[in-house]
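Structural description and commentary
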Amino acid sequence: MKNILITGGAGFIGSHVVRLFVNNYPNYHIYNLDALTYAGNLENITDISEASNYTFVKGNIKDIDFINALFKKHQFDAVIHLAAESHVDRSITNPNDFIETNMLGTANLLNAFRAIWQDNYEDKLFYHVSTDEVYGSLGKTGLFTETTSYDPQSPYAASKASSDHIVRAYGNTYGLPFVISNCSNNYGANQFPEKLIPLFINNIKTSKSLPVYGDGQYTRDWLFVEDHATAIDLIFHKGKNEETYNIGGFNEWTNLDLIHLLCEQLDEKLGQEKGTAAKLITYVKDRAGHDRRYAIDATKLSNELGWNPSVTFEQGLSKTIDWYLENEAWMNNITSGSYKEYYKKMYE
Ligand code: NAD
Ligand code: TYD
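This is a predicted model, so every value here is computed, not measured. (Residues numbered from 1 in each chain as written. Chains lettered and ligands numbered in written order. Predicted model: local features only at pLDDT ≥ 70, side-chain atom pairs only at ≥ 80, totals over all residues. Heavy atoms only, no water.)

1. A few points about the environment of Ala231
Operational definition: Comment: elements are numbered from the N terminus, with helices defined as DSSP H or I runs of at least four residues and strands as E runs of at least two. The rule is simple: take the accessible area with a 1.4 Å probe, protein chains only, and divide by the maximum for that residue type; under 20% is buried, over 50% is exposed, in between is partly exposed. Residue contacts are defined here by distance: any two heavy atoms, one from each residue, within 4.5 Å place the two residues in contact.
Here Ala231 is to be found in helix α7 (residues 225-238). Classification of Ala231 as buried rests on a relative accessible area of 0%. In the structure, Ala231 is positioned 15 residues away from Asn246 in sequence and 9.8 Å away in space, judged by C-alpha atoms. Leaving out residues up to four positions away in the same chain, Ala231 has contacts with Ile247, Leu301 and Trp307.

Structure (structure tokens):
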């Protein structure tokens, strides 16, 4: 039995990763460490909460003593680190939250991992989950590869870039075994409705305006969250030590094209007249320092490890919309609390 620590497993992507590992690997005991910030939600993982190879631990990666004691107690063979502050807009208003959790929190985990293994790391691994935003913004052409220079533009991106550098430095200096993956924008079930897709699904459902930043011609590369989870599984088991893997679906959309597709699918699913949802589109003030375009070249992952996305964007988006329409209570629980204040500050 191996003890595996997954951090941030009550969040959006983490919950899908925890579920996959708990269900597929009975020989691993999965410890899910999460501080349950505004973004963490135990409702995301109720289906596996009673599994015999699963333990939830409420705790903060910023708390050094707590982290050291946890590592000492469970002697984790591997860490899959997803816990982070993850929303660019919040990083513009509160950058220090990002610096503390994403940079210092990551360092605390690395230090605790070193302390229990004393730099003897046979069959051990620290898997750091990161983002394509570390590479900065692309012009009209080109793709991010694993050798693209880091050029982060938002406090979120800079905090994640720093954490990637810290992980690599521990590998180089102390021989700590690691892999890093940098993934493009995810979408799917359980995403907090501050991010574009769940925010807009909820607003269309409740006939609220759809706030499009700037000219709406910003481009993102979208990946279905369950495909991210299978990529993490593959990289965790087959990835080479000290390597970086880019994860993406070769699936670029301008925000406006994506929003129109979302509107069309929702009009149909809600049984409303074509064009109803699109009438809610409202152009609002642009995000400060808004990155123009992200696009991932995932050739290395596909060629070396044989990973490919399992769904097209239209299929993934349709599944995602169905999930939000079928899980009204999940959305209502989130949007009835402190979310109201956030929404007011951001959009009203
Ligand atoms: P999320 O905001 O939905 O979830 C983050 C989770 O981390 C929450 O459960 C939260 O409670 C927990 N957390 C936050 N601060 C913590 C702390 N100090 N201690 C312990 N737990 C804490 O984020 P997500 O979208 O699921 O992203 C997960 C990871 O994947 C992040 O590292 C993010 O940078 C990366 N990533 C996200 C995307 C994306 O499109 N969402 C794309 C690429 C990479
Ligand atoms: P988001 O989901 O926040 O992801 P990221 O900023 O990490 O890429 O935003 C995706 C795109 O949608 C980004 O270009 C910003 C834009 N956007 C809007 O136009 N309006 C909104 O209300 C939000 C949240 C995002």
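Still more ground to cover, so stick around.
2. A look at the nonpolar core
Going by this rule: We define a nonpolar core as any set of buried Ala, Val, Leu, Ile, Met, Phe, Trp, Tyr and Cys residues linked to one another through side-chain atoms lying within 4.5 Å.
The biggest cluster of nonpolar side chains holds 41 residues, and the ones touching the most others in it are Ile6, Phe21, Ile30, Ile80, Tyr127, Phe236 and Ile247. Leaving out residues up to four positions away in the same chain, Phe21 has contacts with Ile6, Tyr28, Ile30, Asn53, Ile80, Asp233, Phe236 and His237. Counting residues in hydrophobic clusters, the runner-up holds 35 residues, among them Leu258, Ile259, Phe313 and Tyr324.

3. Some thoughts on the packing of aromatic side chains
Stated precisely, the cut-off is as follows: Between rings of Phe, Tyr and Trp, where Trp is taken as its six-membered ring, a pair exists when centres lie within 6.5 Å; planes separated by under 30 degrees are stacked, by over 60 edge-to-face, and by other angles tilted. By definition, being over a ring means that NZ of Lys or CZ of Arg is both within 6 Å of the ring centre and within 35 degrees of the ring normal.
Counted according to the given criterion, the structure contains 25 aromatic pairs. With centroids separated by 5.0 Å and ring planes inclined at 70°, the aromatic side chains of Tyr170 and Tyr174 adopt a geometry described as edge-to-face. One end of the pair, Tyr170, and the other, Tyr174, are both in helix α5 (residues 155-174), four residues apart, so they sit about a helical turn from each other. A relative accessible area of 32% means that Tyr174 is categorised as partly exposed. Ring centres 5.9 Å apart and planes at 70° place the aromatic pair Tyr324 and Trp330 in the edge-to-face group. Through successive ring pairs, a cluster of aromatic residues spans Tyr38, Phe192, Tyr339, Tyr342, Tyr343 and Tyr347. We note Arg114 situated over the ring of Tyr174; from NZ or CZ to the ring centre the distance is 3.4 Å.

4. Some thoughts on the side chain of Asp291
Stated precisely, the cut-off is as follows: By the counting scheme adopted, Arg and Lys are positive, Glu and Asp are negative, and His together with the chain ends is not counted. The term salt bridge refers to a side-chain nitrogen of Lys or Arg lying within 4 Å of a carboxyl oxygen of Asp or Glu. Here a polar contact is recorded for every N or O atom pair within 3.5 Å, except that within protein the pair must consist of a potential hydrogen donor and a potential acceptor, and residues adjacent in sequence are included only if both atoms are side-chain atoms.
Its place among the elements puts Asp291 in the loop between β12 (281-284) and α9 (299-305). Look at Asp291: it is buried, it has no salt bridge, and the nearest opposite charge is Arg220 at 5.4 Å. At a separation of 2.6 Å, a polar atom in the side chain of Asp291 contacts the side chain of Tyr294. The residues touching Asp291, leaving out its near neighbours within four places in the chain, are Gly136, Ser137, Gln153, Tyr218 and Arg220.

None of this, on its own, says anything about what the molecule does.
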